[in-house]
Amino acid sequence: MVAGTAVVRLSGVSKRFVIRKEKSLKERIVNFGRSNLHKEEFWALRDIDLEIESASTVGLIGPNGSGKSTLLSLIGGIIQPTTGVVTRRGRLAALLELGAGFHPDLTGRENVYLNASILGLSKAQTDHHFDAIVDFSGIEPFIDTQVKFYSSGMYVRLAFAVAVHVDPDVLLVDEVLAVGDEPFQRKCMDRIHTFQSEGRTIVLVSHSLDQVAELCDRALVLERGQIQVDGEPRDALRHLRADFEATREEERERERDRDAAEVRTSRARVVRVDVLDTAGQPLKATKPGEDVSIRVRVEATDRLEDWILGVGIDSPLGHVVYGTNTRLLGVPMPPLLGEGVFEVRLPHLWLGEGQYSVHGAIAEGSGVQVHRLIDAATFSVESDGHSIGYLHTQPEVRFG
Amino acid sequence: MSSPEHAISTEGDERSRRLAELSFQPTGQRHGFLRGSAQSLRDVWSYRELLSLLVKRELKARYKDSTLGFLWSLLRPLAQLLIYYVALGKFLGAERAIPDYAIFVFTGLTAWALFSEIVASGTGSIVANAGLVKKIYLPREVFPLSVVGSALFNFIVQIVILVLATFIAGAPPTGTRLLYFPLGALVLLVYGMALAFLLSAMNVYLRDIQYLVEIMLMVLFWTTPIVYSWEQAHKQLGSGFAGHLYDANPLTSAVLAFQRAFWVAGSGTEGPPHLAVTLGWQLLAGVALLWACQRVFARLQANFAQEL
């Protein structure tokens, strides 16, 4: 391919928003001269230099309010930068909101023409694609019904169908890929892959980090209006997940302080959980297939006769990736009074790349939980980047 | 996590090569004064299909669920005509001073409806389309312009009724007097559009504008010889400064032009001298105003998306 054909170029771009607290004429006049007191400024973006190359798929990620959507709007020309210049070439289509411009009183058919025209298709082109659009949306029986009678699913299906039939060189997508039911979502993803293979440039904002990992060949992490990481999605995601982890850690601290009083009253509790390597040293990062131990320190103020100890590994989103307990393992626990330390060894932990957290729990013999310490420790798994998901293995491709 | 290996097809190569030949364009609209105007015109022209679709949307959506539908756009001016004819023509006796009062009033109302609809709906047009303005880049001029389109449609319908009415009244307009009609209509259009551009942009920043416009239109309605005649107004104002000020209002000239064209019974009545020349100058001034308002619009539109 012809490498290095830039299609979007931002140099020294900053965007300042002014939030005025007054909107009416009276307030403006009354506060005239003191108007600086009545407005707040904040910089949504600061000194962004960026070049996006043709045929690349770029993911913009970051916490809420980090300037992702603002950056996308700037590229789309919807808002103008306060300083700096945004230039681009080629035909651009922006999917910042599905069905923008749909009129509820018009029929599906009329809205297809209107929306297509808004996205830059001529009438002749829309005529040409019309059957394909309706077919893609899968709502043919309702195409001559007013869209206000559509279910929300039908609405976005039709809107997305129109959007993917425009012929852009650069496509801007803001959080709109996850629409409709699962088969339709798969159809949308297939369409995006087709777009990629046709050499179109896609810039997308997403909170689904897995989606970014799957689709993008470049990812930008934005934080407080600045680009923190620009590179491989793997590195960007790792950075962002670590950041999210830090934020959650703070919240957890606060929560623990709050719960402290309550927890002490229960008869037993999990004091702390550590993740250890084979040498018994605390572990922060590991590789797939390594041995890992989870050490749980528990404390019982009343004597526990029949009890269960549980440990587990969770994803950052809170999914249980792995979990086990002494009941499932068939290990009877000795009666416990005072402090006790237990270790659960997990040999050959074939976890996929990512950030994980560990929890420890105590339950009575009947299965009723006494105490659970979630997010008790964290560790990350770093791998070669050959796969995605929670599981790691060593795949081979064979021919014939 | 892996980045997918896209097999970039030859189609992708071609796209890349084609893009490499294009030059970079700044996003959004440019601020240059003269070049900016040309750019705006080109932008709007390239979106003319969308413009016609927006006009259709407005017209279709307006009476979509009503049984009488399109008929309502006829009934409104007819009711207005009836009210003014009965209340002012009969009860207040305006009919005695103004021959064929029904035709006279309807002529003025038709002209007025075009202007007031463009200004009133135009003012709210950007705010009403906030969803689009915030999410997709379009030359924002299309929104006030689409209002002009639907106003023109209603206007044409009213003109047809008016012409039919003149036939019923037994005095159909003929000959050169009809030349006043396009001239008057142009003046209304140009001033209406200029105000629609200016006010729609200002309304984004200051929502009070739309209420101010209602009052302004009411005042303008009564300072224009629509329900009373020019003669009656001038009798009170005299031919001094007040009289000249009254004549300087382009709406007055436009309404008078309509009356010259369609109100055959009023042929003998007095009017301002050199109406055609006045209209010509006002049209020129209006075009300059339109251009200035469009430039203001272009300047203000840069921040529309964040102000809405």
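If you're wondering where the values come from, they're calculated on a predicted model, not measured in any experiment. (Residues numbered from 1 in each chain as written. Chains lettered and ligands numbered in written order. Predicted model: local features only at pLDDT ≥ 70, side-chain atom pairs only at ≥ 80, totals over all residues. Heavy atoms only, no water.)

**Q** What should I look at first to understand the overall build of chain A in this one?
**A** In terms of helices and strands, chain A carries nine helices and 17 strands. Per-residue burial over chain A gives 50% buried out of 400 residues. By sequence separation, contacts in chain A at least 24 residues apart represent 71% of the contacts at least 6 residues apart. Only carbon and sulfur atoms are counted for the fraction: they give 50% of the accessible area of chain A, which is about 19,100 Å². (Helix = DSSP H or I, 4+ residues; strand = E, 2+ residues; numbered from the N terminus. Buried < 20%, exposed > 50% of the residue type's maximum accessible area, 1.4 Å probe, protein only. Contact = heavy atoms within 4.5 Å. Areas by Shrake-Rupley, 256 points an atom, 1.4 Å probe, with all protein chains shown as cover.)

**Q** Looking at this structure, I do not really get the sheet that holds strand E11 (residues 285–286) of chain A. What am I missing?
**A** All names here are of chain A. Spatially, the five strands line up as an open sheet ordered E11-E17-E16-E13-E14, and their pairing is mixed. For this open sheet the edge positions go to E11 and strand E14 (320–325), each flanked by a neighbour on one side alone. Inspection of the sheet shows strand E13 (residues 307–314) paired to strand E16 (residues 354–364) by eight bridges, in the antiparallel sense. Bridge pairing links Gly-310 to Ala-361 in E16. (Pairing = 2+ DSSP bridges.)

**Q** Mind showing me how you'd approach helix H10 (residues 209–222) of chain B here?
**A** Look at H10(B): 20 Å from first C-alpha to last across 14 residues, which is about the 20 Å you get at 1.5 Å a residue. For H10(B), the secondary structure elements touched by its buried residues are helix H4 (72–91), helix H6 (101–128), helix H9 (180–205) and helix H13 (250–262) of chain B. (Expected span 1.5 Å × (residues − 1).)

**Q** Sorry, what's going on with the packing of helix H4 (residues 123–137) of chain A against helix H5 (residues 152–164) of chain A here?
**A** Pairs of packed helices are described in terms of their axes, by the angle between the two and the distance that separates them. Residues and elements named next belong to chain A. Between H4 and H5, the least distance of the axes is 8 Å, while the angle of their chain directions is 140°. Relative to H5, the element H4 is oriented oblique. As for how H4 packs across H5, the hand of that crossing is right-handed. Each of Ile-133, Phe-136 and Ser-137 in H4 lies in contact with H5, whose residues at this interface are Arg-157, Leu-158, Phe-160, Ala-161, Val-162 and Val-164. Of the residues that constitute the contact of H4 with H5, the class distribution is seven nonpolar, one polar and one charged. (Axes fitted to C-alpha atoms, helices over the stretch in contact; angles between N-to-C directions. Parallel < 35°, antiparallel > 145°, perpendicular 65-115°, else oblique. Left-handed = near helix turned anticlockwise from the far one by under 90°. Nonpolar A, V, L, I, M, F, W, Y, C, P; charged D, E, K, R; others polar.)

**Q** What exactly am I supposed to notice about the packing of aromatic side chains here?
**A** In this description, an aromatic ring pair is defined by two values, namely the gap between the centres and the angle between the planes. Considering all chains together, one arrives at 23 aromatic pairs over all chains under this definition. Considering the side-chain rings of A:Tyr356 and A:Tyr390, the 6.4 Å spacing of their centres and the 65° angle between planes classify their relative orientation as edge-to-face. Separated by 34 residues along the polypeptide, A:Tyr356 in strand E16 and A:Tyr390 in the segment after strand E17 (369–381) bring together distant segments of the chain. In textbook terms, an aromatic cluster arises when at least three aromatic residues are bridged by ring pairs, as seen for B:Tyr84, B:Trp112, B:Phe115, B:Phe221 and B:Trp222. (Phe/Tyr/Trp six-rings, centres within 6.5 Å; stacked < 30°, edge-to-face > 60°.)

**Q** Where do I start with empty space enclosed by the protein in this structure?
**A** Taken as a whole and assessed by the stated rule, the structure comprises one cavity of 30 Å³ or more. Space inside the largest cavity adds up to approximately 40 Å³. Lining the largest cavity we find A:Ala94, A:Leu95, A:Glu97, A:Leu98, A:Gly99, A:Ala100, A:Asn115, A:Leu119, A:Ala159 and B:Ile136. Of the residues assigned to the lining of the largest cavity, the class counts are seven nonpolar, two polar and one charged. (1 Å grid on protein atoms, 1.4 Å probe; cavity = no way out; pocket = protein on both sides within 12 Å on 5 of 7 lines; lining within 4 Å. Points joined across faces, edges and corners; volume = space filled by probe spheres on them.)

**Q** I tried to follow the sheet that holds strand E8 (residues 218–223) of chain A on my own but got confused; where do I start?
**A** Where strands meet in a sheet, backbone hydrogen bonds hold them as pairs that are either parallel or antiparallel. Residues and elements named next belong to chain A. Taken together, six strands build an open sheet; the order of strands is E5-E6-E7-E3-E8-E9 and the sheet is mixed. A strand with exactly one partner marks an edge of an open sheet, and here the two such strands are strand E5 (92–95) and strand E9 (226–231). Sheet twist, expressed as the mean angle between neighbouring strand axes with direction ignored, is 15°. In this fold helix H2 (residues 68–76) packs onto strand E3 (57–61), E5, strand E6 (170–174), strand E7 (201–205) and E8, with an angle of close to 150° to the strand it touches most, E6.

**Q** In this structure, what is going on with the interface of chain A and chain B? I would like to understand it.
**A** Contact residues are listed per partner, giving 74 residues for chain A and 54 residues for chain B. Taking both partners together, chain A and chain B bury about 5,300 Å²; carbon and sulfur atoms supply 56% of that area. Applying the counting rule to chain A against chain B returns two salt bridges. Salt-bridge contacts for B:Arg18 lead to A:Asp169; the nearest nitrogen and oxygen are separated by 2.8 Å. Listing elements by their share of the side of chain A that touches chain B, those giving two or more residues are strand E1 (6–20), helix H1 (25–30), H2, strand E4 (83–88), helix H3 (108–118), helix H6 (182–197), helix H7 (209–215) and helix H8 (233–265) of chain A. With eight residues, E1(A) is the largest single contributor of residues to the side of chain A that touches chain B. (Buried area = accessible area lost by both parts, 1.4 Å probe. Salt bridge = Lys/Arg side-chain N within 4 Å of Asp/Glu carboxyl O.)

The values are spatial; any link to function lies outside them.
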